[in-house]
Amino acid sequence: MHLAVLLFVSSLSVATFALDNGLMRVPPMGWLAWERFRCDIDCDHDPKNCISENLFMDMADRLSEDGWRELGYVYVNIDDCWSSMKRDDKGRLQADPKRFPGGIHKLARYMHDRGLKLGLYGDMGTHTCGGYPGTTLDKIELDAQTFADWEVDMFKFDGCYSNATEQEQGYPLMSKALNATGRPIGYSCSWPAYQGGLPPKVNYTQLGEICNLWRNYGDIQDSWDSVLNIINWFFENQDVLVPAAGPGKWNDPDMLIAGDYGLSMEQSRSQMAIWAIMAAPLFMSNDLRTISSGARSILQNKIAISINQDPMGIQGRRVVKEKSGIDVYWRPLSKNASALVFFSRRNDMPYRYQTTLGKLNYTAGSYKIYDVFTEKTMTLKDSTTFVVSVNPTGVVMWYVSAPAKRNLRQFYRGGRLQGSVFDDDENAVPPVFL
Ligand code: GLA
């Protein structure tokens with residue numbers, strides 16, 4: 001009896017410690033400086049591209065004026081190399097005064113005035129990866145309070161120059177410290193990436209309780225090789241990673257690099273499609289001032305975004321890996337819908353892949369298909385053989401609506417048989433949001 005009470009009380013207290021900041025119920029979206037702009041601090045010679053308040057204000061202007069914000073891209077995230085090499089006389093971090101003369105607080109206000117949010121970067125070791133001041137264990141509360149005072153909305157906590165023991169203390173401590181400020185601050189943890197990304201070293205149950213998102217794996221670079229390497233790792237380990245994700249807690253395969261130099265249009269669509277299947281955070285790292293219209297339309301594809309942002313928040317899986325070099329990915333979506341991606345690893349020519357929905361585990365019925373990138377629709381029975389033509393390193397992506405069901409209410413309306421009526425709501429194509 002006493003034991004039962006004790007167990008009940010202790011389970012309550014465990015529940016209290018879970019990260020419950022109500023944030024990021026769908027994967028966060030926005031822009032992040034690192035992959036494209038790195039640690040360019042040479043504002044004298046490269047004023048347009050150096051890490052400075054101007055760069056972040058420019059990106060904020062583009063997000064709010066070029067249709068990004070309305071699609072959900074609201075975070076403007078500063079990465080490494082923003083700070084001064086020295087803390088201030090009260091021991092607080094401070095922005096580099098030359099490159100951020102207005103300071104971080106003013107930049108946060110700039111974002112908020114435009115319906116955007118500001119993200120900031122720190123590191124739980126002695127130094128950031130770029131060599132700037134870190135947030136050692138003794139500084140965690142002070143720094144969390146400083147970020148809250150600046151009205152920061154998201155914080156990425158990197159792990160350079162710290163060891164496994166320090167990380168075990170530091171990541172949960174920062175979670176508590178951020179919550180204790182009373183300001184909702186989305187919390188991105190790089191912890192698993194520093195511990196190989198897999199159990200037993202990584203505890204995904206704990207991460208889901210203390211972080212909103214986490215980097216599992218190495219840094220993305222501006223190349224198809226890098227994207228493919230990330231895709232391979234995430235799906236080879238899907239049995240570990242898929243159950244870890246859900247509303248408020250996401251695996252982060254790193255930034256979208258469409259609009260940069262390394263990916264073709266096919267490859268940009270592939271990254272967008274597979275990141276949507278993975279329920280991945282969508283942080284672009286590109287130059288929104290000069291982005292091509294091709295890359296922009298891929299990143300602004302409403303259906304790909306709505307698949308990524310599905311409220312059930314179930315991360316998708318690879319369901320087929322063919323010897324021919326075709327992979328099929330599948331993600332269950334709300335309203336009994338789903339998404340399918342056919343991806344080609346081939347390097348020769350478009351490949352005609354033949355299958356049926358039944359072979360892809362769909363139950364009997366008639367499905368409406370919406371092709372995400374060509375915007376064509378069709379209807380397919382589970383048993384119908386179909387062929388998709390998948391370009392080298394490219395994808396075909398489908399939104400698949402629930403099978404048409406007989407609507408019994410309508411069917412028997414007025415107590416008389418009305419004929420064969422299908423429920424159009426359930427079978428609607430597709431959920432264009434906003
Ligand atoms: C690490 C992180 C990157 C980036 C750099 C900054 O490599 O994984 O995402 O933040 O540090 O130095």
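Parameters and conventions
- Residues numbered from 1 in each chain as written.
- Predicted model: local features only at pLDDT ≥ 70, side-chain atom pairs only at ≥ 80, totals over all residues.
- Heavy atoms only, no water.
- Near = heavy atom within 4 Å.
- Polar contact = N/O pair within 3.5 Å; in protein donor to acceptor, adjacent residues only side chain to side chain.
- Nonpolar A, V, L, I, M, F, W, Y, C, P; charged D, E, K, R; others polar.
- Pairing = 2+ DSSP bridges.
- Helix = DSSP H or I, 4+ residues; strand = E, 2+ residues; numbered from the N terminus.
- Axes fitted to C-alpha atoms, helices over the stretch in contact; angles between N-to-C directions.
- Contact = heavy atoms within 4.5 Å.
- Disulfide = S-S within 2.5 Å.
- Buried < 20%, exposed > 50% of the residue type's maximum accessible area, 1.4 Å probe, protein only.
- Parallel < 35°, antiparallel > 145°, perpendicular 65-115°, else oblique.
- Left-handed = near helix turned anticlockwise from the far one by under 90°.
- Phe/Tyr/Trp six-rings, centres within 6.5 Å; stacked < 30°, edge-to-face > 60°.
- Lys NZ or Arg CZ within 6 Å of the ring centre and 35° of its normal.

Visitor: Lay out the site of the ligand in plain terms, naming residues and giving numbers.
Guide: Looking at the ligand, the residues that line it are Trp34, Asp79, Asp80, Tyr121, Cys129, Gly130, Lys156, Asp158, Arg215 and Asp219. In the environment of the ligand, an oxygen atom lies 2.8 Å from a nitrogen or oxygen atom belonging to the side chain of Lys156. The side chain of Asp219 places a nitrogen or oxygen atom 2.6 Å from an oxygen atom of the ligand. Split into classes, the residues belonging to the shell around the ligand amount to 3 nonpolar, 1 polar and 6 charged.

Visitor: Go over the sheet that holds strand 13 (residues 366-371) with me, naming the residues and quoting the values.
Guide: Sheet architecture is open: 6 strands sit in the order 9-10-11-16-13-14, paired in antiparallel fashion. The open sheet is flanked by strand 9 (317-321) and strand 14 (377-381), the only strands paired with a single partner. If you compare each strand with its neighbour and ignore which way they point, the axes differ by 25° on average. Taken together, the 5 bridges between strand 13 and strand 14 define a ladder with antiparallel strand orientation. The residue of strand 14 that forms the bridge with Ile369 is Met378.

Visitor: An account of the environment of Leu32 is needed here, citing residue identities and associated values.
Guide: Examined against the element boundaries, Leu32 turns out to sit in strand 1 (residues 29-32). In the structure, Leu32 is positioned 253 residues away from Ser285 in sequence and 5.2 Å away in space, judged by C-alpha atoms. For Leu32, the residues in contact, after removing those within four places along its chain, are Asn77, Asp79, Met255, Phe283, Met284 and Ser285.

Visitor: Break down the state of the cysteines for me, citing the residues and quoting the values.
Guide: A complete count under the given rule lists 4 disulfides for this structure. Through a disulfide, Cys39 is tied to Cys81; the S-S separation comes to 2.0 Å. Given an S-S torsion of about -115°, the disulfide between Cys39 and Cys81 has left-handed geometry. With a gap of 42 residues between them, Cys39 in the loop between helix 2 (34-37) and helix 3 (53-65) and Cys81 in the loop between strand 2 (75-77) and helix 5 (103-113) connect regions that are remote in the sequence. Classification of Cys39 as partly exposed rests on a relative accessible area of 30%.

Visitor: For the packing of helix 10 (residues 224-236) against helix 12 (residues 265-277), give the residues involved together with the corresponding values.
Guide: In the contact formed by helix 10 and helix 12, the axes pass within 11 Å of each other and the chain directions differ by 25°. In this view, helix 10 runs roughly parallel relative to helix 12, as classed from their interaxial angle. For helix 10 against helix 12, the interelement crossing comes out left-handed. Seen from helix 10, the contacting residues are Trp224, Val227, Ile230, Ile231 and Phe235; seen from helix 12, they are Gln267, Ser270, Gln271, Ile274, Trp275 and Ile277. Across the contact of helix 10 with helix 12, the residue classes break down as 8 nonpolar, 3 polar and no charged.

Visitor: So, the packing of helix 3 against helix 5: which residues are in play, and what are the values?
Guide: The relative placement of two packed helices comes down to the angle between their axes together with the axis-to-axis distance. At a closest axis distance of 10 Å, the pairing of helix 3 and helix 5 adopts a crossing angle of 10°. As the angle between them shows, helix 3 and helix 5 are arranged roughly parallel. Note on element contacts: helix 5 touches helix 3 through Gly103, Leu107, Tyr110 and Met111, opposite Glu53, Phe56, Met57, Ala60 and Asp61. Counted by class, the contact of helix 3 with helix 5 contains 6 nonpolar, 1 polar and 2 charged residues.

Visitor: For the packing of aromatic side chains, give the residues involved together with the corresponding values.
Guide: Any aromatic ring pair is given by two values, namely how distant the centres are and how the planes are angled relative to each other. Per the counting criterion, the structure on display carries 23 aromatic pairs. For the ring pair Tyr329 and Phe343, a centre distance of 6.4 Å and an interplane angle of 50° mean the geometry is tilted. Linking Tyr329 in strand 10 (residues 326-332) with Phe343 in strand 11 (residues 338-344), this pair joins segments that are 14 residues apart in sequence. On the accessibility criterion, Tyr329 (0% relative accessible area) is buried. Sitting over the ring of Phe37, Arg36 keeps its end group 4.6 Å from the ring centre. Taking NZ or CZ as reference, Arg114 lies 3.5 Å from the ring centre of Tyr110, over its face.

Note that every value here comes from positions in space, so none of it alone points to a role or purpose.
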